[in-house]
Amino acid sequence: MFGMDFLSFLMLFNVAVVVAAVMHYGMKYYVVPGTASFISKVILAWVGAWIGGPIFGHWFGALSYNGIYFVPAVLGSVAILVLFVDLWKTTAKVRR
């Protein structure tokens, strides 16, 4: 996963943008609204997509490219976004 080519990076980036857009704009799942919050979600979702394959395994080999498996990438993106938004909301309640 460390020596990925540019097309693999773009595929993970597309997965991250779609997942972040659905969660931020479609489901209104955020801590604060706005573009900066969306961009931070895209970055976190890309990290989740990147580690999704090693964590969740290699599913549906037909939906893969050069070691990038799309189903685990989507699951990793969703998982990390849910984790971070929930952690942020929980710690915000504790700080009040």
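What comes next is a walk through the structure. Since the structure is predicted, the reported quantities are computational estimates derived from the model, not experimental observations.

Each pocket or cavity is described by its volume, and for the largest pocket that value is around 190 Å³. Around the largest pocket, the lining residues are Val 31, Val 32, Ser 37, Ser 40, Lys 41, Leu 44, Leu 81, Phe 84, Val 85 and Trp 88. In terms of residue class, the lining of the largest pocket is built from 7 nonpolar, 2 polar and 1 charged.

In this structure the tally under the stated criterion is 5 aromatic pairs. A ring pair is formed by Tyr 25 and Phe 38, whose centres lie 5.2 Å apart and whose planes are at 45°; its orientation type is tilted. With a gap of 13 residues between them, Tyr 25 in helix H1 (residues 6–26) and Phe 38 in helix H2 (residues 35–56) connect regions that are remote in the sequence. The exposure class assigned to Tyr 25 is partly exposed, which follows from its relative accessible area of 42%. Under the relative-accessibility criterion, Phe 38 is labelled buried at 15%. Ring centres 6.0 Å apart and planes at 15° place the aromatic pair Trp 46 and Trp 50 in the stacked group. With a gap of 4 residues between them, Trp 46 and Trp 50 both fall in helix H2, about one helical turn apart. Overall, Trp 46 belongs to the buried group, its relative accessible area being 19%. Joined through ring pairs, the aromatic side chains of Phe 6, Phe 9, Phe 13, Trp 46 and Trp 50 make up one cluster. The residue whose ring lies beneath Lys 89 is Tyr 29, and the NZ or CZ to ring-centre distance is 5.2 Å.

The rules behind these values
As a convention, each chain's residues are numbered from 1 in the sequence order in which they are written. Since the coordinates come from a predicted model, pLDDT governs what is reported: local features require at least 70, and pairs of side-chain atoms require 80 or more to be given and counted, while whole-chain, interface and lining totals use all residues. Hydrogens are left out, water is left out, and the side-chain values use all remaining heavy atoms of the structure. Think of a 1 Å grid over just the protein atoms. A cavity is a set of points where a 1.4 Å probe fits yet cannot get out, a pocket is an open set with protein on both sides within 12 Å along at least five of seven lines, and lining residues have an atom within 4 Å of a point. Grid points are joined across faces, edges and corners, and a volume is the space filled by probe spheres set on the points. For this classification, Asp, Glu, Lys and Arg are treated as charged, while Ala, Val, Leu, Ile, Met, Phe, Trp, Tyr, Cys and Pro are nonpolar and the rest, including Gly, are polar. Ring pairs are drawn from Phe, Tyr and Trp, using the six-membered ring of Trp, whenever the two centres fall within 6.5 Å, and their geometry is named by plane angle: stacked under 30 degrees, edge-to-face over 60, tilted for the rest. To qualify as a helix, a DSSP run of H or I must reach at least 4 residues; to qualify as a strand, a run of E must reach at least 2; elements of each kind are numbered from the N terminus. Exposure is judged per residue with a 1.4 Å probe applied to protein chains only, and the accessible area is read against the type maximum: over 50% gives exposed, under 20% gives buried, and values in between give partly exposed. We count a charge as sitting over a ring when the NZ of a lysine or the CZ of an arginine lies within 6 Å of the ring centre and within 35 degrees of the ring normal.

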